[in-house]
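Spelled out from the first residue to the last, the chains are:
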Amino acid sequence: KAPPPAAAPAPAAPSPREEPAPSPKEEPTPSSKEDPTPNPKEEPAPSPKDQPAPAAEEPPASDHPPAMEDPRAPTGEPAPVPTAEETSAPGEGSPAPAGEPQAPAPEPTPEKPKAEPPSSPLSLAVEEVSENSVTLTWKAPERPGRSGLDGYLVEICKDGGTEWTAVNQEPFLSTRFTVQDLGSGDKIHVRVKAVSATGTSVPATLEQPVLIREILQLPRIRMPRHLRQTYVRRVGDAVNVMIPFQGKPQPKVTWTKGDQPLDSSRISVRNTDRDTILYIRQAQRGDSGRYHLAVRINGAEDKATLEIQVIEPPAPPQNLKLLDVWGFNVALEWSPPADNGNSEIKGYVVQKSDKKSGKWFTALERCTRTSCTVSDLIIGNTYSFRVFAENACGLSEKPAVASGVAHIEKTKTAYLPEKIPQRDMMEPPKFTQPLTDRTTTRGYSTHLFCCVRGFPQPKIIWMKNQMEIREDPKYIAMIEQGVCSLEIRKPSPFDGGIYTCKAVNPLGEASVDCKLDVK
């Protein structure tokens, strides 16, 4: 809104510090007097010579405000931009005149230390190459910055050139990007930057330029199963490893060991369009390590690692000592070998030899500790001991021999037989199993049984109807382990009756009887 006409002050004479009045062409128009707000488009930009003097920044006295000048007048001071308080209604207090300069700006706060930009993207690689495009993949940087990542920028540069061109205008957060509209047969260098509010990272760049042509088959290494583990060979053996791969057109094969090319004087490599062969005529321990295989086609590659371990027998153990000898036992102790033959020590073999025979016999196998106790030695013999170290290649070529010998002495012991109290075993006869009545058929042999005990062994007497049976071929009497038996061969009705078995010894006698019926 335009202020009332009475509130518009007349132009005041320029102060001694101000420049002369504007030219007639710059006289204010009536519309400008009504609206003190300057038009930014019509206000000319002040030249460096027209910059305000330091004294003009001092605030004017509050009692006599200066008269308002034309906003577009090129005075020594720039025309201030009216604020909301200056354009408020006249009834709201006493507003400052439109020509009054602004209050001094607050003191600048000390600047905070700038945050570090993000680190470079990781593992930049080519995923796929076509006739007119290339697909890239990478991993997020380790340090994304305090404010986080805004995205990534992909830039390309033709091989031989120096000008890098951004492919994407705005950052994106994906870690996969396809560069389109490339010329077939071109070689381009690619790099990726991480962008955040604190700045741009150092670019991650592909080591080799990418040839833009269609890959019929991506490179892939087909590592055999037995080579996925550590490949172990002995010193002097030949190393002959064949690893097949695939890829069209024919890939470029590269072997390295510890980021260094292979020694061609000792290691031979032969490559075909389908496989690669690594050959070492006589392996040495220095050939052990990790061999890295890379198969590359125009920036797309596949990698594999082959670990070779060349081993040999270990050195003998050290400081073999005879610690103690007691009874039939000997205690031994030693130290591990100085050289394990490039393989872990699996155990130790302890052998003993007696002085009489001079032959060595194995006392302990695969002893995992560096001390042991050998037992079951023969009294009166003198023994020597030696120890071999063992690894995956076998036993050490030489053993560690104990400097001393162990003599198993005879101990004088008096044998005192145990006194066993004498027991009276005398016992009169006693039948533990009596005779039982039986019924048999004429013409079929039958047996009578009973059991008796007693000491001294009793004499057995068989009787029929109280008549002793003597040497009669019809009867056969036997006794075994206290079991008495009487066989009656082909009995007839006449052989029926009462049969008695009588046992007699010096301490007494006993008898049992039974009835036999013959039908």
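In this text the structure is predicted, and so the values were computed from the model without any measurement. (Residues numbered from 1 in each chain as written. Predicted model: local features only at pLDDT ≥ 70, side-chain atom pairs only at ≥ 80, totals over all residues. Heavy atoms only, no water.)

*Asks:* It is not clear to me how the overall build of the protein should be interpreted in this structure. Could you clarify?
*Replies:* Summing up its helical and strand segments, the protein has one helix and 36 strands in all. In the protein, buried positions account for 30% of the 519 residues. When contacts within the protein are restricted to residue pairs at least 6 apart in sequence, long-range pairs at least 24 apart make up 64% of them. For the protein, the computed accessible surface area is about 34300 Å², with 50% contributed by carbon and sulfur atoms. (Helix = DSSP H or I, 4+ residues; strand = E, 2+ residues; numbered from the N terminus. Buried < 20%, exposed > 50% of the residue type's maximum accessible area, 1.4 Å probe, protein only. Contact = heavy atoms within 4.5 Å. Areas by Shrake-Rupley, 256 points an atom, 1.4 Å probe, with all protein chains shown as cover.)

*Asks:* I keep staring at the pattern of salt bridges and nothing clicks. Help me out?
*Replies:* Side chains that carry opposite charge are capable of pairing whenever their charged atoms lie near each other. In this structure the tally under the stated criterion is 14 salt bridges. Between Glu301 and Lys303 there is a salt bridge whose closest N-O contact spans 3.6 Å. For Glu301, a relative accessible area of 33% translates into the label partly exposed. Overall, the relative accessible area of 59% leaves Lys303 in the exposed class. Across the pair Arg366 and Glu390 runs a salt bridge whose closest N-O atoms are separated by 3.1 Å. Taken as a pair, Arg366 in strand β22 (residues 360-367) and Glu390 in strand β24 (residues 382-391) lie far apart in primary sequence, 24 residues in all. Among the charged side chains, a network of salt bridges with common partners joins Glu155, Arg191 and Lys193. (Salt bridge = Lys/Arg side-chain N within 4 Å of Asp/Glu carboxyl O.)

*Asks:* What is the right way to look at the sheet that holds strand β18 (residues 300-311) in this model?
*Replies:* Within a sheet, each strand pairs with its neighbour through backbone hydrogen bonds, oriented either parallel or antiparallel. Here we have five strands laid out as an open sheet, ordered β11-β18-β17-β13-β14, and mixed in their pairing. Looking at the sheet topology across the chains shown, the edges are occupied by β11 (231-234) and β14 (260-261). Two strands pair when backbone bridges link them, and β11 and β18 are joined in this way by four bridges, in the parallel orientation. Looking at β18, one finds that Arg233 is bridged to Val310. (Pairing = 2+ DSSP bridges.)

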